[in-house]
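Structural description and commentary
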Amino acid sequence: MKKKLLSLILAGTMAFAMAACGSTSGSTSSDSSASSDSSTSSDASASSDSTASTDKTVGIAMPTKSLERWNRDGSYLQKQFESKGYKVELTYSDNKIDQQVKDIEGLIADKVDILVVAAIDGESLSQVLADAKDNNIPVISYDRLIMNTDAISYYVSFDNYTVGTLQGKYIVDTLDLDNAAGPFNIEFTGGDPADNNATYFFNGAMDVLKPYIDSGKLVVPSGQTTFEQCGTAQWDTSKAMSRMQNILGSYYSDGTQLDAALCSNDSTALGVTQAIESDYAGSNTVVITGQDGDEANLKNIVDGKQSMTVYKAVANEAVATLDLAVAILNGETPDESLISNSGWDFDCSYDTKSYDNGTGIIPSYLLVPTVVTKDNLDDALVTPGYYTKDSDGYLHPVG
């Protein structure tokens, strides 16, 4: 599917996508912000891209509605599968591990034909996915690698290590670390320890920045340089804000300048930005990184409060997941040829070496993320149809 066609479909079905986020029909939801009613859609004409209906059902388990990006993922996935005539059961688990286990148990009991699972905790689904395997239900690990289970058929995500390297390289370039005298002060805010991706993000950034730390060009006044020290449970904005407030009060209250704040995603960047606005005594603009393209963070980028975000086009991730699932349901064994045969016009690699979930290497389809700054907001997000821009110059996600 070509990107332009996808953009038209997304724009033309915005109302449908927003309804999908509300889980009022065509999905189930256990998220506390959604209806407790559950139903399964059989309307194969929800999208103009519909094909002949099928009797197969796709079970999609998302972590939560409390992070903007998972609403987008769930909406895009549901729309893509229903556009091909599949029935969809979509759940959100309110970031509660036990609830996600129950949700997946319910999908298995409903005899779905394939599971697409974005895990809250990649270590906690072994038993329930063993049940899926016993019921001959293939499982696609979506966005986050699920660990310690041989029930996983494939992994679809972005190149998560590259996400971190892009953030690190942005700081190198913006501070001109290869030429400027320095030293520069930096602090790190990592992601959720329960999210397997969080260590890839952190390690990617640290591998870029560590040589400058070792040489003294970059200094970390707090001394917090390990993922264990910098992690943020559930990617929580308030936790990131509180931790940064403590760091600023302990290490920067004497006038020490903070030059950069490496934040692994946008929800943590939002908290760090709030802490800097309220508790930082310096007058300089702090370089702040992020990831996901959340609406509030894009506003901060427009306003000059956040420097960049790494955008992962979840619409493309949904397309890749759809084509992979269709191949599996057709009895095929997908490999690298899926990329060329599907005619994707977005960058994706097939990786059979990097992602070991503890039971072996999981074949992985890895999309390439994009650095977004104030300078390329239109080209990266508006022109492809992912976001619209209002009269004030602020961006709003389509769907």
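If you're wondering where the values come from, they're calculated on a predicted model, not measured in any experiment.

About the thresholds
Residues numbered from 1 in each chain as written. Predicted model: local features only at pLDDT ≥ 70, side-chain atom pairs only at ≥ 80, totals over all residues. Heavy atoms only, no water. 1 Å grid on protein atoms, 1.4 Å probe; cavity = no way out; pocket = protein on both sides within 12 Å on 5 of 7 lines; lining within 4 Å. Points joined across faces, edges and corners; volume = space filled by probe spheres on them. Helix = DSSP H or I, 4+ residues; strand = E, 2+ residues; numbered from the N terminus. Nonpolar A, V, L, I, M, F, W, Y, C, P; charged D, E, K, R; others polar. Buried < 20%, exposed > 50% of the residue type's maximum accessible area, 1.4 Å probe, protein only. Pairing = 2+ DSSP bridges. Core = buried A, V, L, I, M, F, W, Y, C linked by side-chain atoms within 4.5 Å. Contact = heavy atoms within 4.5 Å. Axes fitted to C-alpha atoms, helices over the stretch in contact; angles between N-to-C directions. pLDDT = per-residue confidence, 0-100.

The computed volume of the second largest pocket comes to approximately 170 Å³. Residue lining of the second largest pocket: 14 residues in total, with S66, L67, W235, T237 and S267 positioned closest to the centre. The dominant element in the lining of the second largest pocket, judged by the number of residues it contributes, is helix α10 (residues 266–279), at 3 residues. When the residues that make up the lining of the second largest pocket are grouped by side-chain class, the tally is 4 nonpolar, 6 polar and 4 charged.

Let us now look at the pairing of strand β4 (residues 139–142). Of the two faces of β4, the one holding V139 and S141 and the one holding I140 and Y142 are both buried throughout. Of the pairings in the sheet, the one linking strand β3 (residues 114–117) to β4 comprises 3 bridges and is parallel in character. Bridge pairing links V116 to I140 in β4. Direction of pairing for β4 relative to strand β5 (residues 152–158): parallel, over a ladder of 4 bridges. The residue bridging Y142 from the neighbouring strand is V156, located in β5.

Our focus in this paragraph is the nonpolar core. Membership of the largest hydrophobic core comes to 77 residues, with the highest contact counts inside it found for I60, M62, F81, I186, F188 and L381. If one sorts the elements of this core by residue count, helix α12 (residues 314–329) sits on top with 11 residues. Excluding residues that lie within four positions of it along the chain, M62 makes contacts with W70, D73, G74, L77, L90, T91, Y92, S93, Q100, A118 and Y142. Counting 24 residues, the second-largest nonpolar core is a separate cluster that includes L115, I146, M147 and Y355.

Our focus in this paragraph is the sheet that holds strand β6 (residues 184–189). Strand order in the open sheet formed by 4 strands is β7-β6-β8-β9, and the pairing between neighbours is parallel. Of all strands in the sheet, those with a lone pairing partner are β7 (218–219) and β9 (287–288), marking the two edges. Of the strand pairs in this sheet, β6 and strand β8 (residues 260–263) are connected by 4 bridges, and their pairing is parallel. Along β8, the bridge assignment pairs I186 with A260. Contacts from helix α6 (residues 160–175) reach β6, β7, β8 and β9 within the one sheet, and its direction differs from that of β8 by about 165°. Along the sheet, helix α7 (residues 196–215) makes contact with β6, β7 and β8, crossing β6 at roughly 160°.

On to the environment of L77. In this fold, L77 is placed in helix α3 (residues 68–83). On the basis of relative accessible area, L77 is assigned to the buried category, the value being 0%. Spatially, the C-alpha atoms of L77 and V314 are 8.8 Å apart, while their sequence positions differ by 237 residues. Here L77 is in contact with I60, M62, V116, Y142, A318 and T321, once residues within four sequence places are set aside.

What follows covers the confidence of the model for the protein chain. Segments scoring low in pLDDT should not have their predicted coordinates read at a detailed level. When the pLDDT values of the protein chain are averaged, the result is 89; 86% of them are 70 or greater. Confidence over residues 1–27 falls short of pLDDT 50; this stretch has 68 contacts with residues more than four positions distant or in other chains. Note that residues 32–51 has pLDDT below 50 and, in this model, 42 contacts with residues that lie over four places away or in other chains.

Moving on to the side chain of S264. Among the structural elements, S264 can be located in the loop between β8 and α10. If we ignore the near neighbours within four places in the chain, the residues touching S264 are Q167, T189, G190, G191, F201, F202, W235, G290 and Q291.

With that settled, consider the sheet that holds strand β11 (residues 348–351). Strand order in the open sheet formed by 7 strands is β2-β1-β3-β4-β5-β12-β11, with mixed pairing between adjacent strands. On the outer flanks of this sheet lie β2 (87–92) and β11, each paired with one strand and no other. Within this sheet the neighbouring strands show an average axis-to-axis angle of 20°, counted without direction. With 4 bridges joining them, strand β1 (residues 57–62) and β3 adopt parallel strand pairing. Within β3, the residue paired with G59 across the bridge is L115. In the packing of helix α4 (residues 97–109) onto the sheet, the strands contacted are β1, β2 and β3, and the crossing angle to β1 comes to about 180°.

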